[in-house]
Amino acid sequence: DLIEKRAGARDFTTDDWPLLDAVVSISDIDLFRELLPAFPLEALHCRASRIAEGGTEFAAMAMKQLACRAAPLASAQNEFIVEQFWSYKVGEYARSGAVMLCGEEFGLLVFPAGTKSSTEASSGQPKSMSAFIEIRSRPFSGDGWQSQSISYEISVSNLKTGKDITKTEAFTMTKEEPDRGWTNFLDRSSITGASGWLCAGDDAMKFKFRIRWTNPPAC
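In this text the structure is predicted, and so the values were computed from the model without any measurement. Sequence order as written defines residue numbering, which begins from 1 separately in each chain. In view of the model being predicted, local features appear only for residues whose pLDDT reaches at least 70, and side-chain atom pairs are presented and counted only at 80 or more, with totals across whole chains, interfaces and linings using the full set of residues. Only heavy atoms go into the side-chain values, all of them from the structure, while hydrogens and water stay out.

Student: Any chance you could explain the overall build of the protein here in plain terms?
Tutor: Each helix and strand in the protein was counted, giving five helices and nine strands. Classification of residues uses two cut-offs on accessible area relative to the type maximum, computed with a 1.4 Å probe and protein chains only: under 20% is buried, over 50% is exposed, and between them is partly exposed. For the protein, with 219 residues in total, the buried portion stands at 41%. In the protein, the proportion of contacts linking residues at least 24 apart, taken out of those at least 6 apart, comes to 66%. The protein chains shown are the only cover counted for residues, whose accessible areas, like all others here, come from Shrake-Rupley with a 1.4 Å probe. Within the structure as shown, the protein displays about 11,400 Å² of accessible surface, and the carbon and sulfur contribution to it stands at 48%. Numbered from the N terminus, helices here are DSSP runs of H or I no shorter than four residues, and strands are runs of E no shorter than two. In this analysis, two residues are considered to be in contact whenever any of their non-hydrogen atoms come within 4.5 Å of each other.

Student: Explanation requested: unusual backbone geometry in the structure shown.
Tutor: Glycine aside, a negative phi is what most residues show, and trans is what most peptide bonds show. Its identity is not glycine, yet Gln84 carries a phi of approximately 50°, on the positive side. Mapping Gln84 onto the fold places it in the loop between β1 (75–82) and β2 (94–95).

Student: It is not clear to me how the pairing of strand β4 (residues 104–111) should be interpreted in this structure. Could you clarify?
Tutor: Moving residue by residue along a regular strand, the side chains alternate between the two faces of the sheet. In terms of burial, β4 is largely enclosed, as seven of its eight residues are buried. By the convention used here, strands pair only if DSSP detects at least 2 bridges between them. Bridge count between β2 and β4: two bridges; the pairing is antiparallel. Bridge pairing links Ala94 to Val110 in β4. Relative to β4, strand β3 (residues 99–101) runs antiparallel, the two being bridged by three bridges.

Student: Would you mind going over the environment of Leu101 with me for this structure?
Tutor: Here Leu101 shows up in strand β3. A residue is classified by how much of its surface remains accessible, and Leu101, at 1% relative accessible area, is buried. Each C-alpha atom of the pair Leu101 and Ile211 lies 7.6 Å from the other, and the pair is 110 residues apart in sequence.

Student: Hey, could you run me through the nonpolar core in this one?
Tutor: Buried together is how nonpolar side chains tend to be arranged in soluble globular proteins. What makes a nonpolar core is a set of buried Ala, Val, Leu, Ile, Met, Phe, Trp, Tyr and Cys residues whose side-chain atoms join them at distances within 4.5 Å. Core analysis: the largest hydrophobic core is formed by 31 residues, its most contacted members being Phe106, Met129, Ile133, Met205 and Phe207. For this core, the elements supplying multiple residues, two or more each, are β1, β3, β4, β5 (128–135), β6 (150–157), β8 (179–187) and β9 (205–213). Here the element with the most residues in this core is β9; it accounts for five residues. With residues near it in sequence (within four places) discarded, Phe106 still touches Gly97, Ala98, Val99, Leu101, Ile133, Glu134, Ile135, Ile150, Met173 and Ile211.

Student: For this particular structure, what's the right way to read the side chain of Ser157?
Tutor: With respect to the secondary-structure elements, Ser157 resides in strand β6. You can call Ser157 buried: its relative accessible area is 6%. Throughout this description, a polar contact denotes any pair of N or O atoms lying within 3.5 Å of each other; where both atoms belong to protein, one of them has to be capable of donating a hydrogen while the other can accept it, and for residues adjacent in sequence the pair is counted only when both atoms sit in side chains. Within the structure, the side chain of Ser157 is placed 3.3 Å from the side chain of Asp164, a separation counted as a polar contact. Apart from residues lying up to four places away in sequence, Ser157 is in contact with Lys163, Asp164, Gly196, Trp197, Lys206 and Lys208.

Student: Would you explain the packing of aromatic side chains in this entry?
Tutor: Given two aromatic rings, their pairing is described by the distance between the two centres and the angle made by the two planes. Pairing of aromatic side chains here covers Phe, Tyr and the six-membered ring of Trp, requires ring centres within 6.5 Å, and sorts the geometry by plane angle: under 30 degrees stacked, over 60 edge-to-face, intermediate tilted. Per the stated rule, a full pass over the model turns up five aromatic pairs. Between Phe85 and Trp86, the aromatic rings sit 5.1 Å apart at their centres with planes inclined by 90°, giving edge-to-face as the arrangement. Of the residues examined, Trp86 reaches a relative accessible area of 38% and is grouped as partly exposed. Any Lys NZ or Arg CZ found within 6 Å of a ring centre and within 35 degrees of that ring's normal is scored as a charge over the ring. One cation-aromatic arrangement involves Lys167 over Phe185; the distance from NZ or CZ to the ring centre is 5.1 Å. A cation over an aromatic ring shows up here: Arg180 above the ring of Phe171, its NZ or CZ 4.2 Å from the ring centre.

Student: Please clarify how the sheet that holds strand β7 (residues 164–171) should be interpreted in this entry.
Tutor: Across a sheet, paired strands are connected by hydrogen bonds in the backbone, their directions being either parallel or antiparallel. What the four strands build is an open sheet, ordered β1-β9-β6-β7; its pairing is antiparallel. At either end of the open sheet lies a strand with only one pairing partner, and these are β1 and β7. Taken pair by pair, the neighbouring strands of this sheet meet at an average axis angle of 15°, ignoring direction. In terms of strand pairing, β6 meets β7 through eight bridges, oriented antiparallel. Residue pairing in the sheet places Glu153 in a bridge with Thr168 of β7. To get an axis, fit a line to the C-alpha atoms, keeping to the stretch in contact for a helix; angles then go from 0 to 180 degrees between the N-to-C directions.

Structural data, given as structure tokens:
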């Protein structure tokens, strides 16, 4: 009853909720398992990296329970507007807001003028727009750390035709490779005033991205 009352009165997306912290600090997996259904997923996601940092048997079991609880939310998506597209230089980037999936935080990284590897070798001029998915919360710092197995897609919206360019891939991110995507996502020569890729007046480009959990746990 106390938990239900708190659930109706508190915002569990904040990082200062004491009851879940207390349950985690006790390291009692049976109690954690029993109370798990009462905790909103937002609260569990906020605590996922903190639970994992423990590195204990309890932490491993708690993360498995969290994964089972989060299984119905097997995908996350967001939209991102990059404004003043033409103002970026090679290597300069824009970061989207983050989405949470499997207790991990992901976001979109866009290089409107591309990365150094996407420029014309002869002239050094920008050739392609680049876009990547990056993992931002990496709870395990050891060399063997890796993310959950995910698939991801990145889309650019054409405001004129209503159609998107979408690219997708499956990947497991590691400490050595915390991001993944395409250096040559869209040729900059195709981005003209009449092409529909930019919003007229403010040179804004609309992106959408989705992360999917490709291997949910058997609970």
